[in-house]
Amino acid sequence: MAGALLREIADAVGGELIGDGGLRIERIATLEDAGADAIAFLSNPIYARQLGTTRAGALIVGAAFRDQAAARGAVVVAADPYLAFARLTQWWADRHGRRVDAGIHASAIVDGDADIGEGVSIGALAFVARGCRIGANTRIGPRVTLLHDVRLGERCIVHPGAVIGADGFGFAPDRESGNRWVKIEQLGGVVIGDDVEIGANTCIDRGALGDTTIADGVKIDNLVQIGHNVRVGAHTAIAGCVGIAGSTTVGAHCMIGGGVGITGHVTIADSVVLSGATQVTRSIAKAGRYGGPFPFDDNAAWEKNAATLRNLHALRERVRALEKQIAP
Amino acid sequence: MAGALLREIADAVGGELIGDGGLRIERIATLEDAGADAIAFLSNPIYARQLGTTRAGALIVGAAFRDQAAARGAVVVAADPYLAFARLTQWWADRHGRRVDAGIHASAIVDGDADIGEGVSIGALAFVARGCRIGANTRIGPRVTLLHDVRLGERCIVHPGAVIGADGFGFAPDRESGNRWVKIEQLGGVVIGDDVEIGANTCIDRGALGDTTIADGVKIDNLVQIGHNVRVGAHTAIAGCVGIAGSTTVGAHCMIGGGVGITGHVTIADSVVLSGATQVTRSIAKAGRYGGPFPFDDNAAWEKNAATLRNLHALRERVRALEKQIAP
Amino acid sequence: MAGALLREIADAVGGELIGDGGLRIERIATLEDAGADAIAFLSNPIYARQLGTTRAGALIVGAAFRDQAAARGAVVVAADPYLAFARLTQWWADRHGRRVDAGIHASAIVDGDADIGEGVSIGALAFVARGCRIGANTRIGPRVTLLHDVRLGERCIVHPGAVIGADGFGFAPDRESGNRWVKIEQLGGVVIGDDVEIGANTCIDRGALGDTTIADGVKIDNLVQIGHNVRVGAHTAIAGCVGIAGSTTVGAHCMIGGGVGITGHVTIADSVVLSGATQVTRSIAKAGRYGGPFPFDDNAAWEKNAATLRNLHALRERVRALEKQIAP
């Protein structure tokens, strides 16, 4: 059952085959881990020196490494080797029966009123409330919760434990009762486009008035929090442990690194890249890379620097005083 | 089914009606999104200029905007327009059947020994263990887990995926066995007051010896971690992705921004406001606003600054040397 | 049912009894909370002054406090009092029936193909997919999800809501289709050793090609994200809200503080201690303590410092200019 011939692989990824097409490939592996029964890929030139050491039976490479790879054995040359690798994993998963079958698991609770598209799969112990709409071929994992009036497009994947459509966090202080919080009922919904992937235990809140919206092709990792009325533009990728506060708009084709926090009511332009752990406290109007995690260090160095940091303003004043003193 | 007359709305929020009480309102919307069938509210004066552009059929405003709003059409004037808006959402949700009915969903697993108050609702696939006590009119969402001996007050709301009463994180190193960790069994419980709201996939651990306690009126957002033996004071609000380590005490009426981390065994005074992403490493004895996320920047600026930061202490020494040299 | 005699406790922890072995102990408490019916422990000398004020009926102390403790009443002297306390909590939990019974809850969904060891317990509404292997005496909490081909060792504890084996976050951009993301199917598994504890709502992703591996004795707190192909060494402890990005290796006997983020594809040496909220952006080759959360402050001080921080590089240039000017 396992495995494939190299020529089948070359066909599957649309690459050019050099070498023995009858070579039997039993698994896909990294350059480092691959043995004679495995195919590996080289995409990032940083790893080029591993061409000399890998024991892979076959390689997927780009045109630049064609000759060097062919010199050592069988090769599939692809215009974009990383993309070819991605396509190979999909073909491999299909071939080896790793895809989930359509259908609703007997233990899932799906409201009779929910509108479930063709080819949808809903996993064990998932819950789909009234008013939900799930587009064709979308996969709802085990133990996912979709609360009322959540709409998902086609070909989405929602991983276990995700909660979509819980109440946003909205309260008004009641000054006459000693600043108790009065709940603002969250009356909006959640609208998610096609080809969206949502990670395990991630939360996407429903809107307070209008909807929270996630556009087509957005990919969201695990343990991400997306507040009410957030809008995420198409094909943006959001890594794990990110928090996006309410009413913020994130553009299309952004890449949000792990642990990033974005404050509420701001707008992030298209094609913004945020390094991991950056805390975004204002809008970003221009595409580009932004960063700002505080640099870590060994503890002794950190403690000395932290002490100076606390008085950074005073240090600036001292420099200013020096400048005045020695001014001509 | 949907909608209400403006005079009903004015009555519901206890506001003064100016204009056509028979106006039919089909939805509540923001100033920006509202059409002629919608009511919107103005609370923050920052948005006052939208009075001139909104297409809302009616407005809720405070006394300060009474005349300006009345000049453009129907108005409900309220002492605190944001609070009036919150009350309107509640009235609206009740009227439109958006509230959850009392009762235990057939798929929930509730221990026979648990003490469930009147009017409690327990959602699909929730789990309530032995020894739990749930006060009247509390709503336990789908897929919530309450482990043994968790006590919740009245009128609480617990959102899907929340886990209350899991073991705190406590281990003693066993030096004789090469520093393996020996588990400290967590023998305490969790005690939660009235009117507490707990977000989706949030975790509140049981105490190691005594109880973890959350006082009345506390509001906790999604994906928050509250460690063992933490105590949170009344009417404190905790935004998403916050972590509070074990044995820390947070005062009453605090506001904890998203992504804040608070170390263990410290005490935060009443009425402390923490900006998002602040990392609290020591106790805070005085009410007030505290902050400290590192300022982000475009990547080139950030890299230059980060390099200087790593040698900040040396920079201070250089300033000191200069001061000595030019001292009179 | 509750309680034990002091001599039973001394035997259980292997300590030396001084005083009345027939003393009845009803509970274990902290020095601060203990009454005459409780036993408390003193481990950290910081709390030594509480020896004079605690009302505990009996104490567990180390040799250094033997005489001081005996002077006030009954004592159990142990070589390592914190470890003795940990052992006492285990003995206490066993004696009072707080342990979970073996067996699979009727509401759990366990694939017929999964390999379940002796003495395993699987909680309510848990899901165990095909191909999983669970070692003897491991406890799977309520509402845990183990996706296909996850292997867990013996005596592990997995807390509610944890998701093990969800897809890692891997996509290749397809430039020809306007940078849509193409999913990289995650073909690896998860391999977890013996005596591992995994917190509530924590996520451990399956590997992309090889496996994600967690070695023996690792302890992981709540809401932790562990990316695909991460390797965590034996007896490392990871506190709440930590994120470890894909393909990173963490050594053995490390201690990772709450809220720490570790970037992908780096290596952390054995016995590294990371202070809470540190953001690790490169490999750490040497054992030791590392830190780096930005120091918080009251808001006014923070704002002044932040403004200077943004221009830190310029400040360094000004110091350099001053040095040149006054150079002899």
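Here the structure is a predicted model, which means the values were calculated and not measured.

Turning to the interface of chain C and chain A, a few remarks are in order. Between chain C and chain A, the contact holds 72 residues from the first and 65 residues from the second. Contact between chain C and chain A buries roughly 5,800 Å² in total, counting both sides, with carbon and sulfur atoms accounting for 63%. Contact with chain A buries area across many residues of chain C, yet Phe169, Trp181 and Leu209 of chain C alone supply 12% of it, more than any other trio. Asp174 of chain C serves as the salt-bridge partner of Arg87 of chain A, at 3.0 Å between the closest nitrogen and oxygen. In this structure, the connection of chain C to chain A is made through 20 residue pairs in polar contact (both at pLDDT 80 or more).

It is worth spelling out the interface of chain A and chain B at this point. Across the boundary between the two partners, chain A contributes 72 residues, which contact 65 residues of chain B. Summed over both partners, the interface of chain A with chain B comes to about 5,800 Å²; 64% of that surface belongs to carbon and sulfur atoms. Taken as a group, Phe169, Trp181 and Leu209 of chain A account for 12% of the area that chain A buries against chain B, more than any other trio of residues on that side. Connecting chain A to chain B are five salt bridges. A salt bridge links Glu323 of chain B to Arg318 of chain A, with the nearest nitrogen and oxygen atoms 2.8 Å apart. Among the secondary structure elements, those contributing two or more residues to the side of chain A that touches chain B are strand E18 (163-166), strand E19 (171-174), strand E20 (180-183), strand E23 (203-205), strand E35 (279-280), strand E36 (288-291), helix H4 (299-310) and helix H5 (312-325) of chain A. In terms of residue count, H5 of chain A provides more of the side of chain A that touches chain B than any other element does, six residues in total. Its residues placed into classes, the side of chain A that touches chain B shows 34 nonpolar, 22 polar and 16 charged.

Where charged atoms from two side chains of opposite charge come close, those side chains can pair. Residues and elements named next belong to chain B. Tallied over the entire structure, the rule returns 42 salt bridges over all chains. The salt bridge partner of Glu154 is Arg155, with a shortest N-O separation of 3.3 Å. On the basis of relative accessible area, Glu154 is assigned to the partly exposed category, the value being 34%. The exposure class of Arg155 is partly exposed, given its relative accessible area of 41%.

What follows concerns the packing of aromatic side chains. One pass over the full model with this rule turns up 15 aromatic pairs over all chains. Judged by centre distance (4.0 Å) and plane angle (15 degrees), the rings of Phe41 of chain A and Phe85 of chain A are stacked. Within this pair, whereas Phe41 of chain A is found in strand E5 (residues 38-41), its partner Phe85 of chain A is found in helix H3 (residues 81-95), the two being separated by 44 residues in sequence. By relative accessible area, which is 5% here, Phe85 of chain A ends up buried. Over the face of the ring belonging to Phe296 of chain A we find Arg282 of chain C, whose NZ or CZ atom lies 4.3 Å from the ring centre.

Every other side chain in a regular strand lies on the same face of the sheet, so the side chains alternate between the two faces. Residue and element names in this part refer to chain C. Of the two faces of strand E7 (residues 74-77), the one holding Ala74 and Val76 and the one holding Val75 and Val77 are both buried throughout. Both strand E2 (residues 16-18) and E7 contribute to a ladder of three bridges, which runs antiparallel. Along E7, the bridge assignment pairs Glu16 with Val77.

Further remarks concern the packing of helix H5 (residues 312-326) of chain B against helix H5 (residues 312-326) of chain C. Packing of H5 of chain B against H5 of chain C brings their axes to within 10 Å, and their N-to-C directions diverge by 35 degrees. Helix-helix and strand crossings are classified by hand; for H5 of chain B and H5 of chain C the assignment is left-handed. In contact with Leu312, Leu315, Arg318, Val319, Leu322, Gln325 and Ile326 of chain B of H5 of chain B, H5 of chain C contributes Leu312, Leu315, Arg316, Val319, Arg320, Leu322, Glu323 and Ile326 of chain C.

A few words on the sheet that holds strand E32 (residues 261-262) of chain A. Residues and elements named next belong to chain A. Strand order in this open sheet of nine strands is E9-E12-E15-E18-E23-E26-E29-E32-E35, and the pairing throughout is parallel. Each end of this open sheet is capped by a strand with a single partner; those strands are strand E9 (109-110) and E35. Sheet analysis places strand E15 (residues 145-146) next to E18, joined by two bridges and oriented parallel. Bridge pairing in E18 places Leu146 opposite Ile164.

The first and last C-alpha atoms of helix H4 (residues 299-310) of chain B sit 16 Å apart over twelve residues, in line with the 16 Å expected at 1.5 Å per residue. Buried within H4 of chain B are the following residues: Asn299, Trp302, Asn305, Ala306, Thr308 and Leu309 of chain B. At its buried positions, H4 of chain B is contacted by E36 and H4 of chain A, strand E37 (297-298) and H5 of chain B together with helix H4 (299-310) and H5 of chain C.

Now for the packing of helix H1 (residues 6-13) of chain A against H3 of chain A. Any two packed helices are characterised by how steeply their axes cross, that is the angle between the axes, and by the distance between the axes. All names here are of chain A. In contact at an axis separation of 9 Å, H1 and H3 are set at 120 degrees when each is read in the N-to-C sense. The element H1 and its partner H3 pack so that their crossing is right-handed. Contacts from Glu8, Ile9, Ala12 and Val13 in H1 reach Ala84, Leu88, Trp91, Trp92 and Arg95 in H3. Among the residues making up the contact of H1 with H3, the classes are represented as seven nonpolar, no polar and two charged.

Basis of the calculations
Residues numbered from 1 in each chain as written. Chains lettered and ligands numbered in written order. Predicted model: local features only at pLDDT ≥ 70, side-chain atom pairs only at ≥ 80, totals over all residues. Heavy atoms only, no water. Contact = heavy atoms within 4.5 Å. Buried area = accessible area lost by both parts, 1.4 Å probe. Salt bridge = Lys/Arg side-chain N within 4 Å of Asp/Glu carboxyl O. Polar contact = N/O pair within 3.5 Å; in protein donor to acceptor, adjacent residues only side chain to side chain. Helix = DSSP H or I, 4+ residues; strand = E, 2+ residues; numbered from the N terminus. Nonpolar A, V, L, I, M, F, W, Y, C, P; charged D, E, K, R; others polar. Buried < 20%, exposed > 50% of the residue type's maximum accessible area, 1.4 Å probe, protein only. Phe/Tyr/Trp six-rings, centres within 6.5 Å; stacked < 30°, edge-to-face > 60°. Lys NZ or Arg CZ within 6 Å of the ring centre and 35° of its normal. Pairing = 2+ DSSP bridges. Axes fitted to C-alpha atoms, helices over the stretch in contact; angles between N-to-C directions. Left-handed = near helix turned anticlockwise from the far one by under 90°. Expected span 1.5 Å × (residues − 1).

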